[in-house]
Amino acid sequence: MDLHQGGWLGWATLFAIALSVNSLSKHDMFDYGEQAGDQLLEQGTDQTQALILNQSMFFFDGAYDTVYINTNGFLAVEEPKVESEYLGKMPASFGMIAIFLGDLDNSDGVGKVYYRQDSRPSVLLRTIDHISQAFPQDDEIKPTHALIITWENVAAHGEHGRGDGLDRKRNTFQLVVASMASASYAILFYPREGLQYISTPVAGQSVPVHAGFSQGLVQAWFSWSSSQGPYYRIATDDEASVRQLSEETNSGRRGVWVYEIGTSPFFSSITPGLVTNLSPEEGVAVGQVEQVSESPPRNNGEQQEIEFPPYEHEEEEETPEPELPPTIYPVQYQPRYPVVPESPQTTPFFSKIVFFQRMWFVFFSAVFAYSSETCASNRQKCSSFADCKDYTNGYCCHCRPGFYGNGKDCVAEGKPQRMNGKVSGRVFVGNSPSPLEFYNNDLHSYVVANDGRAYVAISTIPAGLGPSLQPLSSLGGVIGWAFALEQPGYENGFSIIGGVFSRQAEVTFLPGNERLTIKQEFKGVDEHDHLVVSTELEGRLPEVPHGSTVQIDPYKELYQYGSNRITSSSNRDYTVSLLDGSVQTKTYQWRQTITYQSCPNDEAVRDVQPTQQLSVDQIFVMYDSGNQLIRYAMSNKIGSIHGDNTSQHNASDLNKQNPCFTGRHGCDTNAACRPGEGVQFTCKCSTGFTGDGRQCYDIDECRETPEICGSHAVCNNQPGTFRCECVDGFQFASNGKTCVEVDRPIDHCQRGTNNCDIPERARCSYTGASAYICSCLSGFVGDGHTCQDIDECEQGRCHQDAVCYNAQGSFTCQCRPGFHGDGFQCAPGSPELEKTQCERDRESIQVSSDTGSFSFFRPRPAVSQYIPTCDQHGAYEPTQCHGSIGQCWCVDGNGQEVPNTRTGPGQRPLSVIPPPIGPTTRPDVSPVAPGTHLLFAQSGKIEHIPLDGYSMNKGEAKALLHLPDRVVIAVAYDCVEKMVYWTDITGPSISKASLEGGDIISLVTTDLESPEGLAIDYLARLMFWTDSMKDRIEVAKLDGSQRRVLFDTDLVNPRPIVADPSYGRLYWADWNRDGPKIEMSNMDGTDRTVLVKDDLGLPNGLTYDPESQQLCWADAGTRKVQCMDPNGRNRRTIVEGIQYPFAIVSHGRNLYYTDWRREAVVAVDHTTDRETDEFLPQKRSRVYGIATTPTQCPQAYNYCSNNGGCSHLCLPRRSGFTCRCPDVVDGSCVERNL
């Protein structure tokens, strides 16, 4: 159809908007074709083109500089095999990205495969847009390279039409791989009109196409054999899942799929985008380029673009999506950046992208006159002991005088340094066919910087491995190189590269040729001024017999310094002295590579010696079998390759050298040695210490200068320094020094800070940002802020022969005496023919009481049966009482307890619905001071003990909540809203209250019998509890809504339950006397596993420490406290001989447990395996649950942090999440696995 240019502009604009609302169009993909600079793949049915990349692409755990583009809808990272080896046989034996893998054909000249590499600003900015929308939590998306491959109008091989090719079904799809310095992302485009077939012929059968990521064959552990590596599937083997490629999304845009496909230096798994639902106001996607030219449609190549009929569903009709209220949107679809209205004077591209302007300048400073990054916005990235300096291309950090490092990590000169970390490995010893495995063993190192002496210890090394590790002194000796004693004109490792670097060492033992690989990742200096490292060992060691000692000869190692890379190699000689007195001399070769990132913007060339020599002597190694410790010690100097051969000099030679360079100066360990003329020197205390240099003392900056941290901050003194921490509700400003009030979106509905009417009358609906909507519940009328009860009795809703009882939000109809029925319909007759709900409840309880059922002993308070009372019409009496416990409470017309109306013995409540009240400080809620506290439950109250470090401040202990006539069992804490949660078995109920004061809020009051365990997921905003009489585990939102039973089988006496939000895991214990056990599962109920079932008695208490990754429990049967890793390995006893523990919680190096017999809170140091303290409450009675109140939430993330786009429950699991419906659904719930 011939369109005039003016008309074409209007039609094209409307067409672009319509497509973006309904589905992805070909025009929404990245530009492609010869006019975009693309190259063409050779025509055929199985053509491959090798392409050398301008920038490495990360895929799984590898980096690739060459890729292979194939006709059959995939990109490979190695040369593909023949198609008979992979078509219909996925996963493939080679690495590939399968975007639409099938037997495809472009040999007829209509179909084409385009490809190009692109680093233009407009292209990179579009990749940022797609990735950022798919991963809203990631704020460091900075791609510098894009690979764009487009399969256009490709047909299925073997399917023929009339002969001219015009009636063949054809598909169009696109793959964009965006790469950064340490990660790559894949963006997949499936336009709806571009998918006209979903299967291709393979071996005579129609097989659905594949989409996903395959690593191919990988080499097995320490062998020459290979096995199939990971394979992530986007579409399954059924055709319906292939159709959904153009209908659904994980990026918030229909037909667009985004994945993180590779990271460096560590890779865990393929990560899909998090936004799986479409925005209600999808429209033209924010940030998308919709440029409309005043020319006819694009003509790809030389021939006119052929229009093909759109694919039609064969099995089911598409149903339109329901319209949602225009003012309520899910949180994840709120704009993450300002959007300004488009005006005719502005270009559409920039009118929609305000947030990305700063990123534009980061990558393309050559185009704009602005500098990419400056100190003004990045000063906080420098060390607090460094200055920030701007350069032409950006900024750099430089340590101040008196400190050394790379500017981002700086330490005081002369100050001793410490290194902490974890060591894991899988090591074969000698000729053993089975490896020894260990996980997260502690590594601690200490170095006296002013003489280069380093000490290293690694714990929990089994006896079968420990003796053979003795020759590997450099396992932790890298800290010796990092802080080696510097000779004139030379610098140690930390002075040059700081504390963030990677190290890989290859060790070859001679003559047996055993090989070992050491991988270490140094993560910088933490808040305690400790260098943090993780270590992995893989390979084989020659065996050193048990009881043998090892002596390592002094050695020298040459370090070659290049651009962001350091290499070294050496030969190490050592002798093994056996128990029979014989001595063996052995050797191993050592090669290592250290990689790091220096500041690229520093215009001054740093004068670093290209080759330096590390001299190591006075080496001491020992394996302590009693404590399972391997220890190393050595002296380290860095200097000229010609060396001073100190180890070969006699005493007179050493006396001629300056003591600062030999380490024989006598300065305090916290002092720097300053060389003078000849052998003269002075000692100067390090920054943060005072004294004459021979003796140095720590300066307490917090005490001497109380105002040093400024307002809204707390000062913590540390050896040689101090640390400022912002108080709750404040955070550091961009300067890294000033504490400013936190300005973040608040869910006032969840927090309870809204002005809606009380929850019994109104509903608060969160709409994103800090906005919410108030609406009255059914049975009430008003604007949501004030709601009045509707008196249904005035409306004549009951039968004329019935009595109407109005209640708040509801009503009840009761037939008069002489009539029977449900109240809406009444007929003459005996009232005994139809009993009321109250009468039926009363009768059923009396019948069950008469059976005399026997209840086995359970360690919980016994509560007699409650029987409701009914009035003369059979309705519930407004006031109900329980004689055996001496309590009364109000009920509504359905017999449900009105929250907060229970009274103690001798008192009766006024049974009227309380007036609406806002959050106020109650006399039974005592706000606590800032800081970490212990919370523990006693009958009738919850108390708190402030912690001073790890010590209990017993003098400041007091009651937090008074809960008369209640028996509180479990206590949990939400660090986000600073709420304490608890379970009560007398209600029974689950409730919460704020630490800062306010009302007690009942969350769950129905369908409970004995809730005894409670866990909070502060990330996904979920709570989990156990009920030991219903024998089940449940989950709900933190407001008590959307309840779902996770487990109700194979449970007898479940009690403690804990959550690991970072990995989406649950752990719980069942003290079944016939078979106690500790179990684990994902939070969605999948992968249920028994972790421990041996040597258990009554595992009452359970806790999980995310820092040490230790699962610990207190057992009243075995009378032990034990710990292990979360996979059920490395089980060890912390203390034994305890009395009757009930609950336990971890905090740092301490475990705190409550004990029924001691009626106390007991502290245990799990690093020394001994009891350290005890707190005896003023009122002596049994103590129950215990929890901590950390000042800040741990830094973590799980997939349900923003509810994951689920309609109802978002339940995390390891590497994903599941959308689940509550047990009571409203019909709008959608379940899915992601």
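Data block above holds the structure.
Cut-offs applied
- Residues numbered from 1 in each chain as written.
- Predicted model: local features only at pLDDT ≥ 70, side-chain atom pairs only at ≥ 80, totals over all residues.
- Heavy atoms only, no water.
- Helix = DSSP H or I, 4+ residues; strand = E, 2+ residues; numbered from the N terminus.
- Contact = heavy atoms within 4.5 Å.
- Areas by Shrake-Rupley, 256 points an atom, 1.4 Å probe, with all protein chains shown as cover.
- Disulfide = S-S within 2.5 Å.
- Buried < 20%, exposed > 50% of the residue type's maximum accessible area, 1.4 Å probe, protein only.
- Phe/Tyr/Trp six-rings, centres within 6.5 Å; stacked < 30°, edge-to-face > 60°.
- Lys NZ or Arg CZ within 6 Å of the ring centre and 35° of its normal.
- Pairing = 2+ DSSP bridges.
- Axes fitted to C-alpha atoms, helices over the stretch in contact; angles between N-to-C directions.
- Core = buried A, V, L, I, M, F, W, Y, C linked by side-chain atoms within 4.5 Å.
- Expected span 1.5 Å × (residues − 1).
- Salt bridge = Lys/Arg side-chain N within 4 Å of Asp/Glu carboxyl O.

(A) Fine view of the overall build of the chain. If you tally the helices and strands in the chain, you get 13 helices and 81 strands. Summarising the internal contacts of the chain: among those between residues at least 6 apart in sequence, 53% fall at separations of at least 24. Looking at the chain as shown, the accessible area adds up to about 56800 Å², and 49% of this sits on carbon and sulfur atoms.

(B) How the structure looks around the state of the cysteines. Scanning the entire structure with this criterion turns up 23 disulfides. Here Cys1200 is linked by a disulfide to Cys1210, with a sulfur-sulfur distance of 1.9 Å. Looking down the S-S bond of the Cys1200 and Cys1210 bridge, the torsion is -75°, so its handedness is left-handed. One end of the pair, Cys1200, is in the loop between strand S78 (1183-1188) and strand S79 (1209-1213); the other, Cys1210, is in strand S79, with ten residues separating them in the sequence. With respect to burial, Cys1200 and Cys1210 carry one shared label: buried. Across the disulfide from Cys1221 sits Cys1229; the S-S distance is 2.0 Å. An S-S torsion of about -105° defines the bridge between Cys1221 and Cys1229 as left-handed. Exposure remark for Cys1221: the relative accessible area of 10% places this residue in the buried category. What makes Cys1229 buried here is its relative accessible area of 18%. The thiol of Cys890 is unpaired, and the distance to the nearest cysteine sulfur, on Cys888, comes to 9.2 Å.

(C) Examining the packing of aromatic side chains more closely. By the definition in use, this model includes 30 aromatic pairs. Aromatic side chains Tyr32 and Tyr114 sit 5.8 Å apart centroid to centroid with 50° between the ring planes, which places their arrangement in the tilted category. Separated by 82 residues along the polypeptide, Tyr32 in the loop between helix H1 (5-22) and strand S1 (39-40) and Tyr114 in strand S7 (residues 112-118) bring together distant segments of the chain. For the residue pair Tyr32 and Tyr114, the accessibility class agrees, reading buried in each case. Seen in terms of ring centroids, Tyr86 and Phe94 are 5.6 Å apart; in terms of plane orientation they differ by 85°. Their pairing is edge-to-face. Note on accessibility: Tyr86 and Phe94 belong to one class, buried. A cation over a ring is seen here: Arg572 above Tyr555, with NZ or CZ 3.8 Å from the ring centre. Residue placement shows Arg1088 over the ring face of Phe1047; its charged tip is 4.8 Å from the ring centre.

(D) Spotlight on the pairing of strand S40 (residues 713-718). In terms of strand pairing, S40 meets strand S41 (residues 721-726) through six bridges, oriented antiparallel. From the neighbouring strand, Ala713 faces S41, where its bridge partner is Cys726. Between S40 and S41, which pair antiparallel one after the other, the connecting turn spans two residues, and Gly720 there sits at a positive phi close to 80°.

(E) Spatial organisation of the sheet that holds strand S13 (residues 210-214). On the basis of which strands lie adjacent, the open sheet formed by six strands has the order S2-S3-S4-S5-S13-S16 and antiparallel pairing. Single-partner strands in this sheet number two, and they are strand S2 (48-59) and strand S16 (231-233). With strand direction ignored, the average angle separating the axes of adjacent strands in the sheet is 25°. Relative to S13, strand S5 (residues 96-101) runs antiparallel, the two sharing four bridges. Among the inter-strand pairings, Met96 is bridged to a residue of S13, identified as Ser214.

(F) Fine view of the nonpolar core. Core analysis: the largest hydrophobic core is formed by 61 residues, its most contacted members being Leu469, Leu472, Trp481, Phe483 and Tyr632. In terms of nonpolar packing, the next biggest core, distinct from the first, is built from 45 residues, Tyr32, Ile131, Ile141 and Ile1033 among them.

(G) Broad picture of helix H2 (residues 121-134). Taking 1.5 Å of rise per residue, the 14 residues of H2 would be expected to cover 20 Å, and the 20 Å separating its terminal C-alpha atoms lies within 8% of that figure. Of all 14 residues in H2, 13 are buried; the element is thus mostly enclosed.

(H) Broad picture of the pattern of salt bridges. With the rule as written, the count across this model stands at 39 salt bridges. With a closest N to O distance of 3.8 Å, Arg1021 and Glu977 form a salt bridge. Highlighted residues: Arg1021 in the loop between strand S62 (1011-1017) and strand S63 (1022-1027) and Glu977 in the loop between strand S58 (968-974) and strand S59 (979-984), separated in sequence by 44 residues. With a relative accessible area of 11%, Arg1021 lands in the buried category. Note on Glu977: relative accessible area 12%, which makes it buried.

Remember, this is a structural readout, not a statement about activity or role.
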